[in-house]
Amino acid sequence: KAGVTQTPRYLIKTRGQQVTLSCSPISGHRSVSWYQQTPGQGLQFLFEYFSETQRNKGNFPGRFSGRQFSNSRSEMNVSTLELGDSALYLCASSLSTSGMGETQYFGPGTRLLVL
Amino acid sequence: AQKITQTQPGMFVQEKEAVTLDCTYDTSDPSYGLFWYKQPSSGEMIFLIYQGSYDQQNATEGRYSLNFQKARKSANLVISASQLGDSAMYFCAMILLTGTASKLTFGTGTRLQVTL
C-alpha cells in the first residue's frame, strides 16, 4: 500500500506570496493532519480534516488554511507569506474510524523557504 | 494542556549496543496514547511504537520497546542492538484519547548517533 505523498517536496517563495501544499493520504485513511516543523518552535499542530470538515485546529493565524476533498486528499494554503513561515510542513493520515488516537502516518514533507 | 519533555538533545551509542531515550509527559487526562517517531535527515517521520495509558504491558516492536512507567509519567524508548541506520532524530509524542483526538503533541527530540 502506498504511503502518504506530499507535493511539492521543495518550494521557494518570496514574502507576500501565497502557497498551496498538497497531501494524498494512505488509501482508506480519512483523516489528514498538518504539522509545521521549525528549528525554533519544533513540531506544531496546524489542523486536521476528516470527511471534508476541519475537525481540530491549532494555534496558527488565519493566513493558514486548508481543505479536504471527497477522496480525502488535502491541501494547505498559506497566504501573505512571512519569513517565519519557512519550515518543513508535514502531513499525516490515519484511519480515524473511532477518532480515538489512532496512529498517524507521515509523508516526506514539503520544505518551504520564504525569501 | 499536555506537555512532552525530552531532556537529551543528543546521544551517542556504539553499534550493537542498547540505548534508552528518555521521555516524560504531563497531562491531567487519564486517557492518552504515547508514540515514538524516528525522523532521518530526509525529513519523513517514521512511526516506531505506541503505548496506550490503559495498556497493562509495555509495548514492543522488534528492536524497539517502550518502558512505560505511569506513576512517574515516563515513556522511555529502548532500542536494542543499535544499527548505523538508527542514526536519526527521535521524537516522543502524546495524543489525548478523548473526543475526536487527532492532535499530536511532540517533544523537542533527541538526536541519536550510532558509531562503529
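Here goes a summary of the coordinates provided.

Parameters and conventions
- Residues numbered from 1 in each chain as written.
- Chains lettered and ligands numbered in written order.
- Predicted model: local features only at pLDDT ≥ 70, side-chain atom pairs only at ≥ 80, totals over all residues.
- Heavy atoms only, no water.
- Helix = DSSP H or I, 4+ residues; strand = E, 2+ residues; numbered from the N terminus.
- Rg over C-alpha atoms; globule rule 2.2 N^0.38 Å.
- Contact = heavy atoms within 4.5 Å.
- Areas by Shrake-Rupley, 256 points an atom, 1.4 Å probe, with all protein chains shown as cover.
- Lys, Arg positive; Asp, Glu negative; His and termini not counted.
- Charge placed at Lys NZ, Arg CZ, Asp CG, Glu CD.
- Buried area = accessible area lost by both parts, 1.4 Å probe.
- Salt bridge = Lys/Arg side-chain N within 4 Å of Asp/Glu carboxyl O.
- Polar contact = N/O pair within 3.5 Å; in protein donor to acceptor, adjacent residues only side chain to side chain.
- Nonpolar A, V, L, I, M, F, W, Y, C, P; charged D, E, K, R; others polar.
- Patch = residues over 30% accessible without salt bridge, like charges linked within 9 Å, V, L, I, M, F, W, Y side chains within 5 Å.
- Buried < 20%, exposed > 50% of the residue type's maximum accessible area, 1.4 Å probe, protein only.
- Pairing = 2+ DSSP bridges.
- Disulfide = S-S within 2.5 Å.
- Core = buried A, V, L, I, M, F, W, Y, C linked by side-chain atoms within 4.5 Å.

1. What about the overall build of chain B?
- In terms of regular secondary structure, chain B is built from zero helices and 12 strands.
- Ordered by position from N to C terminus, the α and β elements of chain B give β-β-β-β-β-β-β-β-β-β-β-β.
- Taken against the 2.2 N^0.38 rule, which gives 13 Å for 116 residues, the C-alpha radius of gyration of chain B at 14 Å falls within 12% of a compact globule.
- Look at the contacts in chain B between residues 6 or more apart in sequence, and 55% of them connect residues 24 or more apart.
- For chain B, the accessible surface area stands at approximately 5,500 Å², while carbon and sulfur atoms represent 50% of it.
- Considering chain B, the positive charge centre built from 9 side chains and the negative charge centre built from 9 side chains are found 5 Å apart.

2. Description of the interface of chain B and chain A
- Every contact between the two is made by 21 residues of chain B and, on the other side, 22 residues of chain A.
- Across the chain B/chain A interface, buried area totals approximately 1,700 Å², and carbon plus sulfur atoms make up 55% of it.
- At the boundary of chain B with chain A, the tally comes to zero salt bridges.
- Our count for the contact surface shared by chain B and chain A stands at four residue pairs in polar contact (both at pLDDT 80 or more).
- Contributions of two or more residues to the side of chain B that touches chain A are made by strand 5 (32-39), strand 6 (46-52) and strand 10 (88-96) of chain B.
- Per-element tally for the side of chain B that touches chain A: the top contributor is strand 5 of chain B, with three residues.
- Looking at the side of chain B that touches chain A, its residues break down into 11 nonpolar, eight polar and two charged.

3. With respect to a nonpolar patch on the surface
All names here are of chain A.
- A surface patch of nonpolar side chains, about 300 Å² in accessible area, is lined by Ile-12, Leu-113 and Leu-115.
- Within the element layout of this structure, Leu-115 appears in the segment after strand 11 (110-114).
- With a relative accessible area of 53%, Leu-115 lands in the exposed category.

4. Some words on the pairing of strand 6 of chain B
All names here are of chain B.
- Across six bridges, strand 5 lies against strand 6 in antiparallel orientation. Bridge pairing in strand 6 places Trp-36 opposite Ile-49.
- Hairpin geometry of strand 5 and strand 6 is characterised by an intervening segment of six residues between the two adjacent antiparallel strands and by a positive phi of about 110 degrees at Gly-43.

5. Side note on the side chain of Glu-75 of chain A
Residue and element names in this part refer to chain A.
- Note that Glu-75 resides in strand 8 (residues 74-78).
- A polar contact is formed between the side chain of Glu-75 and the side chain of Arg-73, at a distance of 3.4 Å.
- If we skip the residues at most four places from it in the chain, Glu-75 touches Thr-20, Leu-21, Ser-22, Trp-34, Ser-65, Gly-66, Arg-67 and Phe-69.

6. Concerning the state of the cysteines
All names here are of chain B.
- All chains considered together, the criterion is met by two disulfides over all chains.
- Put simply, Cys-23 and Cys-92 are joined by a disulfide, and their sulfur atoms are 2.0 Å apart. Between Cys-23 and Cys-92, the S-S torsion sits near -60 degrees, and that sign places the bridge as left-handed. Remark: Cys-92 occurs in strand 10 and Cys-23 occurs in the loop between strand 3 (19-21) and strand 4 (24-26); sequence separation between them is 69 residues. With respect to burial, Cys-23 and Cys-92 carry one shared label: buried.

7. With respect to the nonpolar core
- Among the nonpolar cores identified, the biggest contains 26 residues, and Tyr-25, Leu-34, Trp-36, Ile-49, Leu-77, Tyr-90 and Leu-112 of chain B are the most heavily contacted of them.
- Breaking this core down by element, the ones donating at least two residues are strand 2 (10-14), strand 3, strand 5, strand 6, strand 8 (64-69), strand 9 (74-79), strand 10 and strand 12 (110-115) of chain B.
- Among the elements that line this core, the one with the most residues is strand 10 of chain B, at five residues.
- Listed in part, the 21 residues of the second largest apolar core include Cys-23, Met-76, Cys-91 and Leu-112 of chain A.

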